[in-house]
Amino acid sequence: MTLILIIVKFLTIIFGSIIAGFIGSLTGLGGGTVLVPVLTLFYGIPFIFAAGASLISTIATSAGSASAYTKKKIANIKIGIGLEIATTTGAIVGSLTLVFIDKQDLIWIVYVIFGLVLLFSLIPTIKKIGKEVPPEMKPDWSTKLFQLTGSYYDERLRKTIKYHGVRWWLGEIVMFFAGFVSGLLGIGSGALKVLGMDWAMNLPMKVTTTSSNFMIGITAATGSSIYWYEGYINLFIAAATAIGVLIGAFFGAKVLVKISNENIRWIFFAILSFLGFDMVFKGLHMINFIITFSLMIQFFISIIISIVLISILFYNSKRKEWSDKNEKS
Amino acid sequence: MKNHDDEVIISYFLKAGVLISVSFIIVGVIILFVKNGGDGFTLSQMSNYNYALAHGIDSKSVSLNKILSGLSAIDGLYFITVGLWVLIFTPITVVFIGWVSFLDDKNYLYVGMASIVLFNLFFAMLVVPRFLI
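Caption draft 1: Region of interest: the overall build of chain A. Assigned secondary structure in chain A consists of twelve helices and two strands. Traced from its N-terminal end to its C-terminal end, chain A shows the element sequence α-α-α-α-α-α-β-β-α-α-α-α-α-α. In terms of overall dimensions, chain A is globule-like: its C-alpha atoms have a radius of gyration of 20 Å, near the 20 Å expected for 329 residues. The C-alpha extent of chain A, read off along each of the three principal axes, is 60 × 50 × 40 Å. Split into buried and exposed, the 329 residues of chain A put 57% on the buried side. Within chain A, residue pairs in contact and separated by at least 24 positions form 78% of the contacts whose partners lie at least 6 positions apart. Of the roughly 14000 Å² of accessible surface on chain A, a fraction of 69% belongs to carbon and sulfur atoms. Of the charged side chains in chain A, 27 are positive and 16 negative, and the gap between their average positions amounts to 7 Å.

Caption draft 2: Broad picture of a nonpolar patch on the surface. Residues and elements named next belong to chain A. Taken together, the side chains of Met296, Ile297, Phe300, Ile303, Ile304, Ile307, Val308 and Ile312 define a hydrophobic patch exposed on the protein surface, amounting to about 760 Å² of accessible area. Turning to its location among the elements, isoleucine 307 is positioned in helix H12 (residues 295–328). Here isoleucine 307 falls in the partly exposed class, since its relative accessible area comes to 48%.

Caption draft 3: Region of interest: the side chain of serine 212 of chain A. All names here are of chain A. Mapped onto the secondary structure, serine 212 falls in helix H9 (residues 205–230). For serine 212, a relative accessible area of 4% gives the class buried. Not counting residues within four places of it along the chain, the set of residues in contact with serine 212 comprises Gly190, Lys193, Val194 and Met197.

Caption draft 4: Local environment of the side chain of threonine 222 of chain A. Considering the arrangement of structural elements, one finds threonine 222 of chain A in helix H9. The class of threonine 222 of chain A is buried, set by a relative accessible area of 0%. Of the polar contacts made by the side chain of threonine 222 of chain A, one reaches the backbone oxygen of isoleucine 218 of chain A; its length is 2.9 Å. Other than its neighbours up to four places away in sequence, threonine 222 of chain A contacts Thr88, Ala91 and Ile92 of chain A together with Asn120, Leu121 and Ala124 of chain B.

Caption draft 5: Structural view of the interface of chain B and chain A. Chain B puts 58 residues into the contact, and the matching count from chain A is 64 residues. Across the chain B-chain A interface, the total number found is zero salt bridges. At the boundary of chain B and chain A, one finds eight residue pairs in polar contact (both at pLDDT 80 or more). Among the elements of the structure, helix H1 (5–34), helix H2 (43–47), helix H3 (49–55), helix H5 (76–104) and helix H6 (108–132) of chain B are those that each provide at least two residues to the side of chain B that touches chain A. In terms of residue count, H6 of chain B provides more of the side of chain B that touches chain A than any other element does, 14 residues in total. Looking at the side of chain B that touches chain A residue by residue, the classes come out as 41 nonpolar, 13 polar and four charged.

Caption draft 6: Representation of the pattern of salt bridges. Residue and element names in this part refer to chain A. Tallied over the entire structure, the rule returns one salt bridge over all chains. A salt bridge links glutamate 230 to lysine 103, with the nearest nitrogen and oxygen atoms 3.8 Å apart. Linking glutamate 230 in helix H9 with lysine 103 in helix H4 (residues 77–103), this pair joins segments that are 127 residues apart in sequence. Judged by its relative accessible area of 53%, lysine 103 falls in the exposed class.

Caption draft 7: Geometry of unusual backbone geometry. Residues and elements named next belong to chain A. For aspartate 105, which is not glycine, the phi dihedral falls at a positive 60°. Here aspartate 105 lies in the loop between H4 and helix H5 (107–128). Its relative accessible area of 68% is what places aspartate 105 among the exposed residues. Despite not being glycine, asparagine 202 has its phi angle at roughly 60°, a positive value.

Caption draft 8: Region of the structure containing helix H3 (residues 47–71) of chain A. All names here are of chain A. End to end, H3 covers 36 Å across 25 residues, agreeing with the expected 36 Å (1.5 Å per residue, within 8%). Across the 25 residues of H3, 20 count as buried, placing the element largely inside the fold. Residue lysine 73 follows H3 closely and has a positive phi angle near 65°.

Caption draft 9: The arrangement of the pairing of strand E2 (residues 159–164) of chain A in detail. All names here are of chain A. When strand E1 (residues 149–154) meets E2, the two strands line up antiparallel, connected through six bridges. Each residue of the ladder has a partner; that of glycine 150, found in E2, is tyrosine 163. The loop that links E1 with its antiparallel partner E2 comprises four residues; one of these, arginine 158, has a positive phi angle of about 55°.

Caption draft 10: Here's a closer look at H5 of chain B. All names here are of chain B. The first and last C-alpha atoms of H5 sit 42 Å apart over 29 residues, in line with the 42 Å expected at 1.5 Å per residue. Its axis deflected by about 25° at proline 91, H5 carries its strongest bend there. Of all 29 residues making up H5, 21 are buried, and the element is well covered by its neighbours. Among the residues of H5, the N-terminal cap falls to aspartate 75, whose side-chain oxygen and the backbone nitrogen of leucine 77 are separated by 3.0 Å.

Caption draft 11: Up close: the packing of aromatic side chains. All told, the structure shown has 16 aromatic pairs over all chains when counted by the stated rule. Consider the rings of phenylalanine 250 of chain A and phenylalanine 251 of chain A, whose centres lie 5.6 Å apart with planes at 75°: the pair is edge-to-face. With 5.4 Å between their ring centres and 50° between their planes, phenylalanine 102 of chain B and tyrosine 110 of chain B make a pair best called tilted. Ring-pair connections join several aromatic residues into one group, and the members of that group are Trp228 and Tyr229 of chain A together with Trp85 and Phe89 of chain B. Positioned over the ring face of tyrosine 49 of chain B is lysine 9 of chain A, at 4.7 Å from the centre of the ring. Between the NZ or CZ atom of lysine 78 of chain A and the centre of the ring of tyrosine 110 of chain B, over which it lies, the distance is 5.6 Å.

What counts, and at which threshold
- Residues numbered from 1 in each chain as written.
- Chains lettered and ligands numbered in written order.
- Predicted model: local features only at pLDDT ≥ 70, side-chain atom pairs only at ≥ 80, totals over all residues.
- Heavy atoms only, no water.
- Helix = DSSP H or I, 4+ residues; strand = E, 2+ residues; numbered from the N terminus.
- Rg over C-alpha atoms; globule rule 2.2 N^0.38 Å.
- Buried < 20%, exposed > 50% of the residue type's maximum accessible area, 1.4 Å probe, protein only.
- Contact = heavy atoms within 4.5 Å.
- Areas by Shrake-Rupley, 256 points an atom, 1.4 Å probe, with all protein chains shown as cover.
- Lys, Arg positive; Asp, Glu negative; His and termini not counted.
- Charge placed at Lys NZ, Arg CZ, Asp CG, Glu CD.
- Patch = residues over 30% accessible without salt bridge, like charges linked within 9 Å, V, L, I, M, F, W, Y side chains within 5 Å.
- Salt bridge = Lys/Arg side-chain N within 4 Å of Asp/Glu carboxyl O.
- Polar contact = N/O pair within 3.5 Å; in protein donor to acceptor, adjacent residues only side chain to side chain.
- Nonpolar A, V, L, I, M, F, W, Y, C, P; charged D, E, K, R; others polar.
- Expected span 1.5 Å × (residues − 1).
- Pairing = 2+ DSSP bridges.
- Bend = angle between axes of the 7 residues up to and from the residue.
- Phe/Tyr/Trp six-rings, centres within 6.5 Å; stacked < 30°, edge-to-face > 60°.
- Lys NZ or Arg CZ within 6 Å of the ring centre and 35° of its normal.

Below is the structure:
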């Protein structure tokens, strides 16, 4: 009888991971960003086990999707490996910071940071919709020294696009933080990596997203090995999430190609912001800071805040589109 | 990268790594459920997260030295362990292939940069754990 219950428990974790992987791949934030809140908030799994299972599952999705992208030669492996210097260093510092925080019994801090990172990474994700090619910038010294050039074939535009990156040093700085966040929170931190290559180095969106995809795996591998020796990986949970997230990301990628209506993604943004707010509340709840009400009320407050927030953002972005259309006509 | 076949090789390595890893994990999970546990722990102990947290039933308790004996004893936990470590090593092969191809191109700046990345990876695996325990 108990065995059946445990099997059901295992299957529910797989089910949760499939949803996390699906939403993560549709929004471009990666499975871990959704998985950690789902495991801690809904399954009552301790944060370190959630982070451990999530980080190692991130490798699976990263490798799975990167294998498809590198074959098409869109991802720039050279620029990616160059930036990995900063992300792997950041991942070591980040995961050691988590170890320190955990030993000091200050894990509530990580909940709050997680929630804030999740909320802030929504901003560039929402903004980027629709923008493909970056504004033209002159090559600088780092362009030549670090050979930040490349080209790829764009299937939609039906032509080969040549590009070059700038401000390599700035990219490395952002990447250090991306690695730090990845090690600290047990996520791939794809949003920060995209920010590093898109905003700092001015690379095209296609190159950015595909390169960050395979970089996530290398960063996560660094953090995972430290997690492993610290005992942050519960094999029962990790086995379920690795399988589940992989399945979810696979279907997410299939569906993503077919979605023509961008509006559907706003529903997922609302879910993500709910998870972000709830993580912050849970962290504050642990130290009884201001918020001392029960879990149920936290849930409802998070839901209400996120619905209001996303509605405002949605209205804002639509208003721009409408006024653009009116000007044209 | 001059030789563009590298990207195809990398893509195959990634795919193979994920497939091998996932099959080890699935086999391990099946054995775990059939044998009702592994490595001296019962399933109900493992799946009770707070109990597992308090009693150290996690990756720390699985000794990597015992992988071979664990596999030959058909212990599900060790199959999952192998699967997860194959997963950790999968992206590292990408850096390694990159390193070789940079050397091939005589692009020594990038040979050096890839070496730093590899150093970081092995630093995290071999050096950092010694300080933690």
